[in-house]
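Here is how the chains run, residue by residue.
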Amino acid sequence: MLAPKFHRMISKPLSVRFTKHFTTATTTNSPYTPRRSLMYVPGNDDRKVSKIPKLGADCVCLDCEDGVALNMKESARNNIRDILDILDTKRVDFNSSECSVRVNSVDSGMCETDLEVVLGGENLPSALHL
């Protein structure tokens, strides 16, 4: 059974069916979408960004924070903005993966710049990780 803490996060009841192989099938009418896997990809590393279509993760997080060296933060911001700007032309094909962005912490002094660049275009990420 699911942990009680998890149930508080769901606005409507979630039906879970166990089969003889212990897999689960879930159905829900709530706007909550369970994510089984979240893959962090450094926003400045084109080699790793190019592997996104093969990941198959439920959510891919383009990272500006820990995965990026201090001297590469600006490059990561700009690369993420470029990826978001040309999502329609499929420079990076996210397939069925959700695209989110993790920005630097407020305490770092870089969060505001991250937000200005990442949110400064027409296409926005599905979520922000603070």
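This is a predicted model, so every value here is computed, not measured.

> What am I meant to see in helix H4 (residues 73–85) here?
Residue pairs spaced three or four apart in an α-helix point in one direction, given the helix's 3.6 residues per turn. Taking 1.5 Å per residue, 13 residues should reach 18 Å; H4 reaches 18 Å between its end C-alpha atoms and fits that length. Residues Lys73, Ala76, Arg77, Asn79, Ile80, Arg81, Ile83 and Leu84 constitute the buried set of H4. Where the residues of H4 are buried, they touch helix H2 (46–49), strand S4 (59–63), strand S5 (98–102) and helix H5 (111–118).

> What am I meant to see in the environment of Gly121 here?
With respect to the helices and strands, Gly121 occurs in the loop between H5 and strand S6 (127–129). For Gly121, the contacting residues outside a window of four places in its chain are Arg81 and Asp85.

> I keep staring at the side chain of Arg81 and nothing clicks. Help me out?
Relative to the assigned elements, Arg81 resides in helix H4. The exposure class assigned to Arg81 is buried, which follows from its relative accessible area of 7%.

> Is there a simple way to think about the pairing of S5 in this case?
In summary, the side chains of a regular strand alternate between the two faces of the sheet. Burial of S5 is extensive: five of the five residues sit out of reach of the surface. Residues Glu98, Ser100 and Arg102 point to one face of S5 and Cys99 and Val101 to the other, with burial holding for every one of them. Bridge count between S4 and S5: five bridges; the pairing is parallel. Bridging from a neighbouring strand, Leu62 pairs with Val101 of S5. With three bridges joining them, S5 and S6 adopt parallel strand pairing. Looking across to S6, one finds that Arg102 is bridged to His129.

Analysis parameters
Residues numbered from 1 in each chain as written. Predicted model: local features only at pLDDT ≥ 70, side-chain atom pairs only at ≥ 80, totals over all residues. Heavy atoms only, no water. Helix = DSSP H or I, 4+ residues; strand = E, 2+ residues; numbered from the N terminus. Expected span 1.5 Å × (residues − 1). Buried < 20%, exposed > 50% of the residue type's maximum accessible area, 1.4 Å probe, protein only. Contact = heavy atoms within 4.5 Å. Pairing = 2+ DSSP bridges.

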